[in-house]
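# Survey of secondary and tertiary structure
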Amino acid sequence: MNPNSVYLVQTDTTVGFSSNDFEKLAVIKARPKTQKILRTTNSFKTLKKYTRVPNHHKKRVRNSKNSTFIYPNGESFRVIKRDNKFFNFINKFNILYSSSANETKKSFDENYAKNISDVVVITKDGFYEDIPSSLYKLYKFKFKKLR
């Protein structure tokens, strides 16, 4: 599997594009390349390579489910739990940039998503939109719910 390809895959929350190449995702989503993109990771061990979780929030991050955290360094990550169906996919790469599989501010269109992605990963459940992850901004001691 080529990590720089753009994969259309059912993630833990919704249908999404996943890739190691954030610039490709930015072009697909028609976003400025300076706008940060969420990364999904398979474990806390992998997460520790990219950011430091403030001590005050370690338990909150570890016990969270379907939650994305923006860390003090400005990077955003969501750790995928082992019991999630998306874990088998993300575990092959350890970490990938991830974004919803739709045009910016529009709803999911399967034909558009299939045409724009390099590889389509279909499971027996097919594709479905679900509730997006909760989004929290972490500070040294405080946190703020953004979504």
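Now for a look at the structure at hand.

This part is about the environment of Ser76. With respect to the helices and strands, Ser76 occurs in strand β5 (residues 76-79). By relative accessible area, which is 11% here, Ser76 ends up buried. Once you skip the residues sitting within four places of it in the chain, Ser76 turns out to touch Ile37, Leu38, Arg39, Thr68, Phe69 and Ile70.

Following the criterion strictly, the structure yields 10 aromatic pairs and no others. Summarising the aromatic geometry, the rings of Tyr50 and Phe77 are spaced 6.2 Å apart at their centres and angled 40 degrees between planes, so their arrangement reads as tilted. One end of the pair, Tyr50, is in helix α2 (residues 44-50); the other, Phe77, is in strand β5, with 27 residues separating them in the sequence. On the basis of relative accessible area, Phe77 is assigned to the buried category, the value being 1%.

Take the layout of surface pockets next. Taken as a whole, the largest pocket holds about 560 Å³ of empty space. Lining the largest pocket are 26 residues; nearest its centre among them are Arg31, Leu38, Ser99, Ser100 and Arg147. For the lining of the largest pocket, the secondary-structure elements that each account for two or more residues are β2 (15-19), β4 (67-70), β5 and β6 (95-100). Per-element tally for the lining of the largest pocket: the top contributor is β6, with 3 residues. Looking at the lining of the largest pocket residue by residue, the class counts come to 8 nonpolar, 12 polar and 6 charged. In this structure, the second largest pocket encloses a volume near 200 Å³.

One finds Leu8, Val15, Phe17, Leu25, Ala101, Phe108 and Ala113 to be the most contacted residues of the largest nonpolar core, which totals 13 residues. Excluding its chain neighbours within four sequence positions, the residues that come into contact with Leu25 are Val6, Phe17, Ser19, Ile37, Tyr97 and Ser98. Among the nonpolar cores identified, the runner-up in size contains 10 residues, and Leu47, Val61, Tyr71 and Leu138 belong to it.

The next thing to look at is the side chain of Thr14. Among the structural elements, Thr14 can be located in the loop between β1 (7-10) and β2. The class for Thr14 is buried, based on a relative accessible area of 16%.

Phi is positive for Ala30, close to 55 degrees, though the residue is something other than glycine. You can see Ala30 is positioned in the loop between α1 (22-28) and β3 (39-41). For Asn94, which is not a glycine, the phi torsion comes out positive at approximately 75 degrees. Note on placement: Asn94 falls in the loop between α4 (87-91) and β6.

Cut-off values and rules
Residues numbered from 1 in each chain as written. Predicted model: local features only at pLDDT ≥ 70, side-chain atom pairs only at ≥ 80, totals over all residues. Heavy atoms only, no water. Helix = DSSP H or I, 4+ residues; strand = E, 2+ residues; numbered from the N terminus. Buried < 20%, exposed > 50% of the residue type's maximum accessible area, 1.4 Å probe, protein only. Contact = heavy atoms within 4.5 Å. Phe/Tyr/Trp six-rings, centres within 6.5 Å; stacked < 30°, edge-to-face > 60°. 1 Å grid on protein atoms, 1.4 Å probe; cavity = no way out; pocket = protein on both sides within 12 Å on 5 of 7 lines; lining within 4 Å. Points joined across faces, edges and corners; volume = space filled by probe spheres on them. Nonpolar A, V, L, I, M, F, W, Y, C, P; charged D, E, K, R; others polar. Core = buried A, V, L, I, M, F, W, Y, C linked by side-chain atoms within 4.5 Å.

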